[in-house]
Amino acid sequence: MKAKMCRLLPFVLSVILFALANGQAVTSPATINSNVTVVEERDFTGIRLINDMLDIFNMAYLGAQWSSVQGKLTKKCAADMTKYFMGLEKRKLWALKMNDASGHYQNGFLYGNNYWTGSYRLCESIYIEEGSHVRDKPQTRQSEITSINGYTEQTAVKHENPPFMPSFYIVKVRLNDTEIAPNPRVISVAACLPFECTQKDISTIAMHAEVASETRALEILEVKIGLKEPYDFWNDFVFQLVLAATIFVAFLVILGTSYDLFLAQRYAKKCKATSNTNSESSSGKCTTYDLSNASPDKKNSAIGISIPTGVNNNNSDEHLAIEQLSDAEDKMKFLELGIFEELILSFSVISNWRTISDKSVGGDTISCIHGMRALSMLWIILGHTCIILAKYADNMDYRRYVETIFAFQFIANGAYSVDTFFFISGFLVSFIYFRSNAKGKLEKLSKGLNEFSAGTLHFFGLLAYRFVRLTVPYLYMLGVVAVVMRYLQHDRL
């Protein structure tokens, strides 16, 4: 038996090798059926893409039912909309531009894009009034910028005015789709439609322009109208106040800078004359003229400006504590200035620039406060920038990933920067008050009063000083922001 098996073994091996060489393996029928992929031949006619699911403002769908919708609009709006549909039907250039300027689903909806803003500038440029300059003829000279991507004066389409003036609208809708948006989303959709249409007309148009869907619920929240008359600055009382304040401050800046230059020349001449007549100073040099380092002289009724060398008490919140220098060799009394002259010189660009750009601090200050203030300011700007931009970004869902990054903790914990600012404000107010009071800077306010009355007057006097010094620029910036916001609200969406 064993001999017979040994004789059959070479034959069996040869059969197996022959089968492997021809790519055939001995397998069971079940194994063969499991490895065979059957391709079904069919057409996929039930596919709905996301642009079909989000077709919520379709002019073709509205046009198909226009006979039943136009009676719900005002007469002028219905007439202009009829002209618009006729233009789309005939493929008129101005009608295609209006459709192109309107907002449609673009991309990134599932990534947080809620703004289908269209093109405001395109809608604005469709209608050009008579007498305006329109470039119908191509220019002979081309620049490299105007020919980017093949868009040149020759390839640009010729302008064609529509039979009515278009306007730009933003329709805010609340979208709830059980398939792609189970949670309500507020979408802003732009629409370039006739100017005669009212907000109610646009709301009616938006309700009937939605392609019906069983899984979607749509609610019109708000309609904003753009392309109004230009904002009239001159009739805005706040702008008039801001302009008057700007002109007045500009006049003081020019006057203060001019007077500062005049004093510099006057000091140079006086210093040169003193150097020629004084033997002790003949071998030395004149002190550099710099009013930013000047300190008041208490001994005289007028304010004497002394010029110290190498000493600066540059503290933006501590100008009440400018200290009188006692070293006669480090200063030179060269001018007698009154309070009005000092007030004018406080607007000098030269003196203020020297003070701002000077990095040295006095010995009676806490220098680390300046570093804490700078870091806190940058921290607050960073936090507010990211918070504001996150609301209007087209990839809001990306924030979920960003929040997992460790570096995002600088933004997530930005509230501590506000706490730091509160600490700095309270600390500086207390520090300046006690230091100024200890140096006798507030004695003029409490002459002849008892200790309690004097301390109370010192405290409220310092608060009044800070209030006046900070409130004036704060009110000015409030006026500028108010004018800018009115302009944006009037002319933008």
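Let me sum up the structure you'll find in this document. (Residues numbered from 1 in each chain as written. Predicted model: local features only at pLDDT ≥ 70, side-chain atom pairs only at ≥ 80, totals over all residues. Heavy atoms only, no water.)

A word on the overall build of the protein
The helix and strand inventory of the protein stands at 17 helices and 6 strands. Taking all 493 residues of the protein together, 28% fall into the buried category. The contacts in the protein between residues at least 6 apart in sequence include a share of 74% that link residues at least 24 apart. Looking at the protein as shown, the accessible area adds up to about 33,200 Å², and 62% of this sits on carbon and sulfur atoms. (Helix = DSSP H or I, 4+ residues; strand = E, 2+ residues; numbered from the N terminus. Buried < 20%, exposed > 50% of the residue type's maximum accessible area, 1.4 Å probe, protein only. Contact = heavy atoms within 4.5 Å. Areas by Shrake-Rupley, 256 points an atom, 1.4 Å probe, with all protein chains shown as cover.)

What to know about the pattern of salt bridges
By the definition in use, this model includes 5 salt bridges. A salt bridge links Arg121 to Glu124; its shortest N-O distance comes to 2.7 Å. Of the two residues, Arg121 and Glu124 are both situated in helix H8 (residues 120-126); the distance of 3 residues between them amounts to about one turn of the helix. Given the relative accessible area of 36%, Glu124 is considered partly exposed. Taking the shortest distance from any N to any O, the salt bridge between Glu210 and Arg216 comes out at 2.9 Å. (Salt bridge = Lys/Arg side-chain N within 4 Å of Asp/Glu carboxyl O.)

Some remarks on the side chain of Glu210
With respect to the helices and strands, the residue Glu210 is situated in the loop between helix H9 (199-208) and strand E4 (216-225). On the accessibility criterion, Glu210 (16% relative accessible area) is buried. For Glu210, the side chain forms a polar contact with the side chain of Arg216, separated by 2.9 Å. (Polar contact = N/O pair within 3.5 Å; in protein donor to acceptor, adjacent residues only side chain to side chain.)

Here's the deal with the environment of Pro166
Within the secondary structure, Pro166 is located in strand E2 (residues 166-177). The buried category is assigned to Pro166, whose relative accessible area is 4%. Along the primary structure Pro166 and Met98 are separated by 68 residues, whereas in three dimensions their C-alpha atoms are 7.8 Å apart.

Digging into the side chain of Ser417
As for its position among the elements, Ser417 is in helix H16 (residues 415-438). By relative accessible area, Ser417 is classed as buried at 1%. A polar side-chain atom of Ser417 sits 2.5 Å from the main-chain carbonyl oxygen of Gly414. In contact with Ser417, not counting residues within four places along its chain, are Ser376, Trp379 and Ile380.

Quick word on the pairing of E2
Among the 12 residues that make up E2, 9 are buried, leaving the element largely enclosed by the rest of the structure. Connecting the antiparallel pair E2 and strand E3 (residues 181-194) is a turn made up of 3 residues. Across 9 bridges, the pairing between E2 and E4 is antiparallel. In the strand pairing of E4, Val173 is matched with Ile220. (Pairing = 2+ DSSP bridges.)

Overview of the sheet that holds E2
Strand order in this open sheet of 4 strands is E1-E3-E2-E4, and the pairing throughout is mixed. Single-partner strands in this sheet number two, and they are strand E1 (115-116) and E4.

Remarks on the state of the cysteines
Counted by the stated rule, this structure contains 2 disulfides. Two residues, Cys77 and Cys197, share a disulfide whose sulfurs are 2.0 Å apart. A torsion of 85 degrees about the S-S bond marks the disulfide between Cys77 and Cys197 as right-handed. Within this pair, whereas Cys77 is found in helix H6 (residues 75-89), its partner Cys197 is found in the loop between E3 and H9, the two being separated by 120 residues in sequence. The pair Cys77 / Cys197 is uniform in exposure class, with both members buried. A disulfide bridge connects Cys123 with Cys192, and the sulfur atoms are separated by 2.2 Å. Taking the sign of the torsion about the S-S bond as the criterion, the disulfide between Cys123 and Cys192, at about 80 degrees, is right-handed. (Disulfide = S-S within 2.5 Å.)

Details of the packing of helix H13 (residues 368-392) against H16
Relative orientation of the contacting elements H13 and H16 amounts to 145 degrees, with a least axis distance of 9 Å. Once H13 is placed against H16, the crossing between them reads as left-handed. For the pair H13 and H16, the contacting residues are Ile369, Met372, Arg373, Ser376, Met377, Trp379 and Ile380 in the first and Tyr416, Ser417, Val418, Thr420, Phe421, Phe423, Ile424, Phe427 and Leu428 in the second. Classifying every residue of the contact of H13 with H16 gives 12 nonpolar, 3 polar and 1 charged. (Axes fitted to C-alpha atoms, helices over the stretch in contact; angles between N-to-C directions. Left-handed = near helix turned anticlockwise from the far one by under 90°. Nonpolar A, V, L, I, M, F, W, Y, C, P; charged D, E, K, R; others polar.)

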